Amino acid sequence: MTQPDPTIRDEAVRLRAELDDANYRYYVLDEPRLTDADYDRKLRRLQEIEAEHPDLATPDSPTQRVGAAPAEGFPEVRHAVPMLSLDNAFDEAELSAFVKRIGDRLELDGETLAFCCEPKLDGAAVSLVYEKGRLVSGATRGDGRTGEGITSNLKTLKSIPLKLRGKEWPDRLEVRGEVTMRHADFEAMNDKAREEGGKVFANPRNAAAGSLRQLDPRITDKRPLMFTAYQLVQETMSLANIDTPTHSGQMALLREWGFRTSRLLEVVTGSQGLIDYCRRLGERRDALGYDIDGVVIKVDDLRLQRELGFVARAPRWAIAYKFPAQEETTRLNDVEFQVGRTGAITPVARLEPVSVAGVTVSNATLHNADEIARLGVMIGDSVVVRRAGDVIPQVVRVLEEYRPDGAREIVFPERCPVCDSQIERLEGEAVARCSGGLYCPAQRKEALKHFASRRAMDIDGLGEKLIDALVERDWVRTPADLFRLEAERLAELPRMAKKSSDNLVAALEKAKSTTLPRFIFALGIREVGEATAANLARHFGTLEALMDADVEALEAVEDVGPVVAAHVHTFFLQPHNRETIEALRAQGVTWEEEAVAERPQPLAGQTWVLTGTLESMTRDEGKARLQALGAKVAGSVSKKTACLVAGEAAGSKLTKAEQLGVEVIDEATFMVRLAAWEAGETVEEEDET
Ligand SMILES: NC(=O)c1ccc[n+]([C@@H]2O[C@H](COP(=O)([O-])OP(=O)(O)OC[C@H]3O[C@@H](n4cnc5c(N)ncnc54)[C@H](O)[C@@H]3O)[C@@H](O)[C@H]2O)c1
Ligand SMILES: [Zn+2]
């Protein structure tokens, strides 16, 4: 033992203060500032110092304690058997050392011992107490001796049995396990919170711990939490009932009693068995769909576990093999703006490359402008990056205390970085979008797929794969290019025989004669669906009139509100969109102008309702065609309803119409009448008698 010099003493004091603060933020606030990797490094360093200078160790050092004291607002629950932490192994050599240590202590060959291996789920530890098969109490780990009573919250988890299955359970038993959140559920919950301005969590662990410690169980109930059991606490039960002398045997019992346990649990032998398991699980880590931060290894024989016992904060019979951390700190060098296939603009963080969970990360998503504001991030900042599973790496928080002098604000562009079209961001929407639609190379494939689709230009035989191939070869950039394709050239494409090329050219020729509603719909203007396109066509009569309409004129159209009006207006303001339309006309695309005034409106003054599923058209299309005939189309049946069109599986609207004596027609009748009206014929309505 060496005499500690003052700088070491200072370091120990500083580390203790930092770790205490980190524990409070992590366990009480569920809002850590340090990354786990930084925390683990600091704790290791403190352990080293205390091992080398035992006189520097204090009984209240973070190396001696578990978690943090329970927070106020919850009843305190004393654990009959303390809930401990686990010692860590950071590499394979430390695993072998663990096996040797255990063997030495038990005076046997560690390499012959059976170990139970299971994923170390990264969530929040809880304890559940059952009496006579019923859940009576649930608590957090707290500081290991006393936890927070959160029984009502835990009762909202579907994976926690309120009543045990089977019969062979003892009168009183305690089950411990981890509450976690799957990546997909976590992302969905955060996306929703971002949209609604709610609380966004940095990672699933914080989300799980934070959700469990809500004062209102109704909030917990809305959170997608999952409980996985990992321990049956022996000391609290009448052992006479249970004859399973291994940990793995107890896990099988827990499954029978209705608990979820890890399907990846395995019993292996000796250090090579452990190392192989850890390697295999490490390879599967990214594909699991939930966070694990390592492997928990336990001596399987419970008698040997008892013989080994505990040290201050952890059992001797178990160890946690740690995987590389999923969050690391690095520098934000710049932000670039990417355009998605539907025009959404995503700010992408360019990072100082950093290894996160075993992969080098140099880009991460910043989602949108709101997220940048929420994070308060600037270029030059130190940021925490998280990479978990196959979710795109994300910037989860900023270490503001390290902000350099030259830090720059992130400026959202006004024009698309790919095509220079105006970027639109509507009030109340988080996402900004390029308005370049048909013109923007980033959106080309999607725009062409929409253009060619059945309800738009209806180009037979021009499927998604073919469009991908045409764009990738750069044969087609704009919709007008489609009409320049030649059969000979098309036949060069893989899986395109001469016959299908000829057919496609014929289909393109046929598609050139279209209708104004279809053409407007095909342009892919944001939020302009079939019905809106039909309304616009009917209202303005010609494309020119529509293109020249201002926002006010657009808002006068049936079913067009300020949002759609703004989208339409911005679309036609873009010179390249006008050029695209010109080019299509030059290729011979034509339609009949909608005769605005002259067209007969036999249904003027009538209100119609559509219900159930229609076979021959979408409900939107039915609505648009009725509106074109002058009808108003309503969402519910009333005495004023002139006629109800009842498709397949019509429900309450049909009943209501029958009660009110409203005329009801089926799809076949509807089709016949539509065709007649559209042809300008009069329709004989059924006699009321
Ligand atoms: N970022 C921070 O500021 C900060 C602060 C404190 C702690 N931490 C993190 O927490 C870790 C320490 O946490 P800890 O004291 O909970 O110990 P631990 O994470 O090292 O291990 C004990 C815990 O493992 C969990 N566990 C998961 N699967 C298990 C299984 N199959 N069997 C048994 N236990 C299982 C249990 O919840 C148990 O309480 C640190 O290594 C650090 O990564 C981070
Ligand atoms: Zn663009």
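Residues numbered from 1 in each chain as written. Chains lettered and ligands numbered in written order. Predicted model: local features only at pLDDT ≥ 70, side-chain atom pairs only at ≥ 80, totals over all residues. Heavy atoms only, no water.

S.K.: Explanation requested: the site of ligand 1 in the structure shown.
M.R.: Every one of the 25 residues lining ligand 1 counts as a neighbour, but Asp40, Lys120, Arg141, Glu178 and Lys322 are closest to it. Taking lysine 120, its side chain carries an N or O atom lying 2.5 Å from an oxygen atom of ligand 1. Isolated, ligand 1 exposes 830 Å² of accessible area, and the fraction of that covered by the protein chains is 94%. For the shell around ligand 1, the elements supplying multiple residues, two or more each, are helix H1 (6–28), helix H2 (36–52), strand S3 (114–121) and strand S10 (292–299). Tallied by class, residues from the shell around ligand 1 come to 13 nonpolar, four polar and eight charged. Built from parts of two domains, the shell around ligand 1 gets at least three residues from each of domain 1 (6–64) and domain 2 (88–322). (Near = heavy atom within 4 Å. Polar contact = N/O pair within 3.5 Å; in protein donor to acceptor, adjacent residues only side chain to side chain. Areas by Shrake-Rupley, 256 points an atom, 1.4 Å probe, with all protein chains shown as cover. Helix = DSSP H or I, 4+ residues; strand = E, 2+ residues; numbered from the N terminus. Nonpolar A, V, L, I, M, F, W, Y, C, P; charged D, E, K, R; others polar. Domains from an automatic or database assignment.)

S.K.: I would appreciate a short explanation of helix H8 (residues 247–256) in the present structure.
M.R.: Residues three or four positions apart in an α-helix share a direction because the helix packs 3.6 residues into each turn. Most of H8 sits inside the fold, with seven of its ten residues counted as buried. Among the residues of H8, His247, Ser248, Gly249, Gln250, Met251, Leu253 and Leu254 are the ones counted as buried. Packing partners of the buried residues in H8 comprise S3, strand S7 (172–180), strand S8 (226–233), strand S9 (266–269), S10 and helix H10 (302–308). Note on H8: the residue one or two positions beyond its end, glycine 258, has a positive phi of about 105°. (Buried < 20%, exposed > 50% of the residue type's maximum accessible area, 1.4 Å probe, protein only. Contact = heavy atoms within 4.5 Å.)

S.K.: When you look at the coordination of the zinc ion (ligand 2) in this model, what are you seeing that I'm missing?
M.R.: When a metal carries six donors in an octahedron, the ideal angles between them are 90 or 180 degrees, while four donors in a tetrahedron ideally lie at 109.5 degrees. With distances of 2.2 to 2.4 Å, the protein atoms coordinating the zinc ion (ligand 2) are Cys416 (SG), Cys419 (SG), Cys434 (SG) and Cys440 (SG). If you look at the zinc ion (ligand 2), its four donor atoms make angles of 98 to 121° with each other, and the shape they trace is tetrahedral. Written as a sequence motif, the donor residues of the zinc ion (ligand 2) are C-x2-C-x14-C-x5-C. On the criterion of sequence distance, the pair formed by cysteine 419 in the loop between strand S16 (394–398) and strand S17 (423–424) and cysteine 440 in the loop between strand S18 (432–434) and helix H12 (444–452) is long-range, its members being 21 residues apart. Both residues of the pair, cysteine 419 and cysteine 440, belong to the buried class. (Donors = N, O, S within 2.8 Å, 3.2 Å for Na, K, Ca; no water. Tetrahedral: all angles 85-135°; square planar, octahedral: opposite > 155°, others 65-115°.)

S.K.: It is not clear to me how the environment of serine 96 should be interpreted in this structure. Could you clarify?
M.R.: Inspection of the secondary structure assignment puts serine 96 in helix H3 (residues 92–106). Overall, the relative accessible area of 28% leaves serine 96 in the partly exposed class. Separated by 14 residues in the primary sequence, serine 96 and glycine 110 place their C-alpha atoms 9.2 Å from one another. Excluding residues that lie within four positions of it along the chain, serine 96 makes contacts with Ser271 and Ile275.

S.K.: What's the story with the sheet that holds S8 in this structure? I'm lost.
M.R.: Backbone-to-backbone hydrogen bonds pair the strands of a sheet. The strands run either parallel or antiparallel. Taken in spatial order, the four strands make up an open sheet running S5-S4-S7-S8, and their pairing is antiparallel. What marks the edges here is a single partner per strand, and that holds for strand S5 (134–140) and S8. Strand-to-strand, the axes of this sheet are offset by a mean angle of 30°, without reference to chain direction. (Pairing = 2+ DSSP bridges. Axes fitted to C-alpha atoms, helices over the stretch in contact; angles between N-to-C directions.)

S.K.: Sorry if this is basic, but what is going on with the UniProt feature "binding site: Zn(2+)" (unreviewed entry) in the chain here?
M.R.: Residues annotated in UniProt with the feature "binding site: Zn(2+)" (unreviewed entry) correspond here to Cys416, Cys419 and Cys440. For the annotated residues, spread through 25 residues, the largest C-alpha to C-alpha distance comes to 8.5 Å, consistent with a single compact locus. Residue cysteine 416 is classed as buried on the basis of its relative accessible area, which comes to 3%. Every residue in contact with cysteine 419, bar those within four places of it in the chain, is listed here: Cys434, Gly436, Tyr439, Cys440 and Pro441. (UniProt positions renumbered as here; feature names shortened; annotations may be inferred.)

S.K.: Explain the packing of aromatic side chains here, please?
M.R.: Ring pairs (aromatic) are described by centroid distance and by the angle formed between their planes. In this structure the tally under the stated criterion is twelve aromatic pairs. Ring centres of phenylalanine 310 and tryptophan 317 lie 6.5 Å apart, and the angle between their planes is 75°; on these two criteria the pair is classed as edge-to-face. Residue phenylalanine 310 is classed as partly exposed on the basis of its relative accessible area, which comes to 46%. On the basis of relative accessible area, tryptophan 317 is assigned to the buried category, the value being 9%. An aromatic cluster is defined as three or more aromatic residues linked by ring pairs; in this entry it consists of Tyr130, Phe227 and Phe259. Above the plane of the ring of phenylalanine 201 lies lysine 199, whose end atom (NZ or CZ) is 5.0 Å from the centre. (Phe/Tyr/Trp six-rings, centres within 6.5 Å; stacked < 30°, edge-to-face > 60°. Lys NZ or Arg CZ within 6 Å of the ring centre and 35° of its normal.)

S.K.: Before we go on, may I ask you to explain the nonpolar core in this structure?
M.R.: Across soluble globular proteins, nonpolar side chains have a tendency to be buried as a group. Ranked by size, the top nonpolar core spans 55 residues in total, and within it Ile459, Leu470, Leu482 and Leu536 carry the most contacts. Those residues in contact with leucine 482 that lie beyond four places of it in its chain are Leu448, Phe451, Ile459, Leu462, Leu470, Val476 and Leu508. Ranked by size, the runner-up nonpolar core spans 34 residues in total, among them Val126, Phe227, Leu232 and Leu265. (Core = buried A, V, L, I, M, F, W, Y, C linked by side-chain atoms within 4.5 Å.)

S.K.: I keep staring at the packing of H12 against helix H13 (residues 464–472) and nothing clicks. Help me out?
M.R.: The relative placement of two packed helices comes down to the angle between their axes together with the axis-to-axis distance. Contact geometry for H12 and H13: axes closest at 10 Å, N-to-C directions at 135°. Accordingly, the angle class assigned to the pair H12 and H13 is oblique. Viewed along their axes, H12 and H13 form a crossing whose handedness is right-handed. The residues of H13 that touch H12, namely those facing Arg444, Lys445, Leu448, Lys449 and Ala452, are Glu464, Ile467, Asp468, Val471 and Glu472. Of the residues in the contact of H12 with H13, the class split is four nonpolar, no polar and six charged. (Parallel < 35°, antiparallel > 145°, perpendicular 65-115°, else oblique. Left-handed = near helix turned anticlockwise from the far one by under 90°.)

S.K.: Honestly, the domain arrangement of the chain in this entry has me stumped. Any pointers?
M.R.: By a widespread convention, an interface's size corresponds to the accessible area lost as its parts come together. The domain boundaries assigned to the chain delineate domain 1 (6–64), domain 2 (88–322), domain 3 (330–409), domain 4 (443–592) and domain 5 (607–679). Taking only C-alpha atoms into account, the centre of domain 1 sits 29 Å from that of domain 3. Residue-level contacts link four residues of domain 1 with four residues of domain 3. Carbon and sulfur atoms make up 48% of the surface buried where domain 1 meets domain 3, a total of about 290 Å² over both sides. The largest per-residue losses of area from domain 1 upon contact with domain 3 belong to Pro32, Arg33 and Thr35, which jointly make up 95% of the total buried on that side. Summed over the shared surface of domain 1 and domain 3, the number is zero salt bridges. (Buried area = accessible area lost by both parts, 1.4 Å probe. Salt bridge = Lys/Arg side-chain N within 4 Å of Asp/Glu carboxyl O.)

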